[in-house]
Amino acid sequence: MSSCVLDKETFRHCCQLLLQLSEQLGDCWCWVPVQDSQDGYLRKTALRLVTIDSRPFGDQAESSSELGPHNSCLSGPDVQQNDQDQSALIGSANGDIIRGDIEDQDNKDNRDGDDGEDRICRMCEGSSQVLQYEYHILFSCSYRAPVLYFRVCTLEGRSLSLEEVWGSIHPNFRLCLQTSPFTMVTQQEHPLLGQAFFMLHPCRTEDFMRPLLQAAQDQNRPVNYVLTWLSMVGPVVGLDVSLKYSTQF
Amino acid sequence: MADDKDVLRDVWFGRIPTCFTLNQDEVTEREAEPYYLLLPRVSYLTLVTDKVKKHFLKVMKQEDMEEMWFEYEGTPLKWHYPIGVLFDLHASNTVLPWSITVHFKNFPDRDLLRCPSHSVIEAHFMSSIKEADALKHKSQVVNDMQKKDHKQLWMGLQNDKFDQFWAMNRKLMEYPTEEGGFRYIPFRIYQTMSDRPFIQKLFRPVSPEGNTHTLGSLLKEMYPAAIPNEGQQKRYQVVIHGIEPLLETPLQWLSEHLSHPDNFLHICIVRRLDEPPSPSCLLVFPTVTSAP
């Protein structure tokens, strides 16, 4: 029982290990401390090529079988983006693409007077676009589990809406989204920054981690809770964890 | 619990007189009159302001109205905090009615969560209740409830039905007598002095030695600056539901009676103005008698 939940110290320890591996692998996780406290979070940014499906609850779930495996983020520090300290991962063209029609987002997204901007930001039918993802891993003391927060914007800086984020979720995970979207991904306040982020809900984390941790314990195998957890929840929102994290060390 | 039902009622029926004024940069066809409402402290701004939107719709074109959001003296108001928390945190020293500015343009994406429908509020509300129960009962009570029970909590809040809400909520307030309280107290301490929106940690209602934890002991650990040293002038007010409970009030009692419907005890720390608070708003709550 006690091994299925995480405490703050173990969380930090797992994060440290993950950071070391990340550095060796050229992945770009970093630790962001929070002023005047012991708290902080892991952060990584990535660029992904994504097609937003406007009907995440529609009838396209069955089409997922037609898709190739979810894969192929070209990772590496060689692909730099304008911001110096940000890493860039660009999804290959056939990697993250999700089939489906694209809704005209225009009426929703006309936020301000700069209509020129909005025209450019608009999702146009049948095309995919490069989006900037920012992922944060925080510790939730309530659920005693790590929680994945993220936000997504276009290269022009327009934030994606919840519906668009739902539409960008890989078809393999759509079924769960269809039955109860709000228990999976919602918009939430980042508890350390006070800003609007999306969050993968942690209330079931203990349930799916338990068998994994149990098995590791039975086989006397060390396990990095945060890494194992991330390899399971990350892919839902396009954050793939390289197998090298487990195989090379 | 619930011997103090009057307190629960007083908390539930707390209201804040509010004046909604349209932001002057909005495009209108004629001058917009302000709109007045009594806002329930325990509800959410976006849940009780459909009338405000309708009111301003009369002088605006539909195409000029994007998602409605609220601001007080330059601060965008987070709809996902209970109304009473927003008022205590940002406006507790203001004159009434509380003057809120209404916007339909330039939604501050970074600061505010989107709220396109009531189902978003419901999801947020239920997620808070689940989190609180994870702290109080390891999620056992909320997971044992049926979907219709969850619905009853939400409908109770949405329709301002005290009895409907509490018929279900009392289950979330139960605990084994021998334990003297919940596992952990679901609380959040808010202040406006730093970027961090609130403090939330694990804190038990009873110390390992069996002493009752009070509001004072919580603050001492989480926000010591809020407790004046002896002889020192009080710099902060510790406000819950618009009142300053005595620091000696047992935390477990506060959690059961002064929590919001989302089952969290929301505590605001606000800088004290020079004038002392009027005595009428200082209610007296039961204090700890010496440990048995």
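Residues numbered from 1 in each chain as written. Chains lettered and ligands numbered in written order. Predicted model: local features only at pLDDT ≥ 70, side-chain atom pairs only at ≥ 80, totals over all residues. Heavy atoms only, no water.

Under the annotation held in an unreviewed UniProt entry, chain B carries the name Autophagy protein 5 and is attributed to Echeneis naucrates. Regarding chain B, the relevant UniProt record gives this comment under Sequence similarities (unreviewed entry): "Belongs to the ATG5 family." (UniProt positions renumbered as here; feature names shortened; annotations may be inferred.)

Under the annotation held in an unreviewed UniProt entry, chain A carries the name Ubiquitin-like-conjugating enzyme ATG10 and is attributed to Echeneis naucrates. In UniProt, chain A has this text filed under Sequence similarities (unreviewed entry): "Belongs to the ATG10 family."

Asks: So what exactly am I meant to see when it comes to the interface of chain B and chain A here?
Replies: Taken together, the contacts link 31 residues of chain B with 27 residues of chain A. Applying the counting rule to chain B against chain A returns 2 salt bridges. For the salt bridge of K78(B) with E189(A), the shortest nitrogen-to-oxygen distance reads 2.6 Å. One can count 11 residue pairs in polar contact (both at pLDDT 80 or more) joining chain B with chain A. Per element, the largest residue contribution to the side of chain B that touches chain A is 8 residues, and it comes from helix α4 (residues 118–137) of chain B. Broken down by class, the residue content of the side of chain B that touches chain A amounts to 11 nonpolar, 6 polar and 14 charged. (Contact = heavy atoms within 4.5 Å. Salt bridge = Lys/Arg side-chain N within 4 Å of Asp/Glu carboxyl O. Polar contact = N/O pair within 3.5 Å; in protein donor to acceptor, adjacent residues only side chain to side chain. Helix = DSSP H or I, 4+ residues; strand = E, 2+ residues; numbered from the N terminus. Nonpolar A, V, L, I, M, F, W, Y, C, P; charged D, E, K, R; others polar.)

Asks: How do you make sense of the sheet that holds strand β2 (residues 40–50) of chain A when you look at a structure like this?
Replies: By definition, the strands of a sheet pair up through backbone hydrogen bonds, in either a parallel or an antiparallel sense. Residues and elements named next belong to chain A. With antiparallel pairing, 6 strands are arranged side by side in an open sheet as β1-β2-β5-β6-β8-β7. Across the chains shown, the open sheet's two edge strands, defined by having one partner strand only, are β1 (30–33) and β7 (185–189). Recorded for the sheet is a direction-independent mean angle of 40° between the axes of neighbouring strands. For β2 and strand β5 (residues 129–140), the ladder comprises 9 bridges, and the chain directions are antiparallel. Residue pairing in the sheet places V50 in a bridge with Q129 of β5. Helix-sheet contacts for helix α1 (residues 8–25) involve β1, β2, β5 and β6 (145–154), and the interaxial angle to β1 is about 140°. (Pairing = 2+ DSSP bridges. Axes fitted to C-alpha atoms, helices over the stretch in contact; angles between N-to-C directions.)

Asks: How should unusual backbone geometry be read in this particular structure?
Replies: In terms of backbone geometry, most residues other than glycine have negative phi values and most peptide bonds are trans. With an omega of 0°, the peptide bond between L96(B) and P97(B) qualifies as cis. The phi dihedral of N220(A) is positive, around 60°, even though this residue is not glycine. On the secondary structure map, N220(A) appears in the loop between α6 (205–218) and α7 (225–233). Overall, N220(A) belongs to the exposed group, its relative accessible area being 71%. In the Ramachandran plot, H241(B) falls in the positive-phi region, its phi being about 50° despite a non-glycine side chain. Within the secondary structure layout, H241(B) lies in the loop between β8 (236–239) and α9 (251–257). With a relative accessible area of 13%, H241(B) lands in the buried category. (Buried < 20%, exposed > 50% of the residue type's maximum accessible area, 1.4 Å probe, protein only.)

Asks: What is the right way to read the nonpolar core from this model?
Replies: Taken as a class, soluble globular proteins show a tendency for nonpolar side chains to be buried jointly. Core analysis: the biggest nonpolar cluster contains 82 residues, and F20(B), L45(B), W98(B), V102(B), F125(B), L153(B) and I189(B) have the highest contact counts within it. For this core, the element with the most residues is helix α3 (residues 83–91) of chain B, which contributes 6 residues. Ignoring sequence-local partners within four residues, the contact set of L45(B) consists of F20(B), L39(B), F70(B), L77(B), W79(B), I83(B), L86(B) and I100(B). Among the nonpolar cores identified, the runner-up in size contains 44 residues, and L6(A), Y133(A), Y143(A) and L160(A) belong to it. (Core = buried A, V, L, I, M, F, W, Y, C linked by side-chain atoms within 4.5 Å.)

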